[in-house]
Amino acid sequence: TAAELKAADIALLEKKPVPPVDAATLQKQQINAAVQSWATAWSQKDVDNYLAAYSTHFRAPVGKTAAGWAAERRARLSVPKSISVSLGDIKVSEASAGLMQAQFQQRYQSDLLSDVTDKTLLLEKSGERWLIVEERAGS
């Protein structure tokens, strides 16, 4: 009917056009999504997707190999009955050529431990994905 068409036309007019997203904003959104996906995999104890968030160029903590670190993480994620990781106030910036930095406050809660810490992840683009190459805790 004419009334239905008029209502539909008004609904279309009320929708504001979505402004185009510039490349830097899109990149920050992709990194934010990658970091949130990493935290979600961790919270779900989805070890394969959690570890898949790390680059093959990942710099393991001093004294550990990447393979040894991954095995340790796999074992540590299996111990708690439940894990909840939430991230607050993610700030994304350029770290150096080809590397981006995500800084945030991380809240970790499990049936065994509760912790809040500042965290910094360095990420590189690999294909269409942003992957973690370094992880630092503390200020």
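This one's a predicted model, so the numbers in the text were calculated from it and none came from an experiment. (Residues numbered from 1 in each chain as written. Predicted model: local features only at pLDDT ≥ 70, side-chain atom pairs only at ≥ 80, totals over all residues. Heavy atoms only, no water.)

> Please provide a residue-by-residue account of the sheet that holds strand β2 (residues 99–110), values included.
Read across the sheet, four strands follow the order β1-β2-β3-β4 without closing on themselves; strand pairing throughout is antiparallel. Sheet topology places β1 (83–96) and β4 (129–137) at the edges, where each strand pairs with a single neighbour. Put simply, the sheet's adjacent strands are angled 30° from each other on average, direction ignored. As judged from the eight bridges shared by strand β3 (residues 114–126) and β4, these two strands associate in the antiparallel manner. (Pairing = 2+ DSSP bridges. Helix = DSSP H or I, 4+ residues; strand = E, 2+ residues; numbered from the N terminus. Axes fitted to C-alpha atoms, helices over the stretch in contact; angles between N-to-C directions.)

> Requested: an account of the packing of aromatic side chains, with residues and values cited.
Under the counting rule described, the total for this entry stands at nine aromatic pairs. Ring centres of Y54 and F58 lie 4.9 Å apart, and the angle between their planes is 75°; on these two criteria the pair is classed as edge-to-face. Judged on exposure class, the residue Y54 and its partner F58 are both buried. For the pair F58 and W69, a centre-to-centre distance of 4.6 Å together with 45° between the ring planes defines the contact as tilted. In this pair, F58 is assigned in the loop between α3 (47–52) and α4 (66–78) and W69 in helix α4, connecting sequence segments eleven residues apart. Each member of the pair, F58 as well as W69, carries the same accessibility label: buried. Grouped by ring-pair contacts, the aromatic residues W38, W42, Y50, Y54, F58, W69, F104 and Y108 constitute a single cluster. (Phe/Tyr/Trp six-rings, centres within 6.5 Å; stacked < 30°, edge-to-face > 60°. Buried < 20%, exposed > 50% of the residue type's maximum accessible area, 1.4 Å probe, protein only.)

> I'd like a description of the environment of K125, backed by residues and values.
Secondary-structure assignment places K125 in strand β3. Overall, K125 belongs to the partly exposed group, its relative accessible area being 39%. The sequence separation of K125 and G98 amounts to 27 residues, and the corresponding C-alpha distance is 7.5 Å. Contact partners of K125, with chain neighbours within four places excluded, come to Q30, G98 and W130. (Contact = heavy atoms within 4.5 Å.)

> Outline the pattern of salt bridges, supporting the account with residue identities and numerical values.
When the charged atoms of two side chains with opposite charge come close together, those side chains can pair. Under the defined criterion, the tally for this structure stands at seven salt bridges. Residue K119 is joined to E135 by a salt bridge in which the shortest nitrogen-to-oxygen separation is 2.8 Å. Of this pair, K119 sits in strand β3 while E135 is found in strand β4, placing the two residues 16 residues apart along the sequence. Under the relative-accessibility criterion, K119 is labelled buried at 7%. (Salt bridge = Lys/Arg side-chain N within 4 Å of Asp/Glu carboxyl O.)

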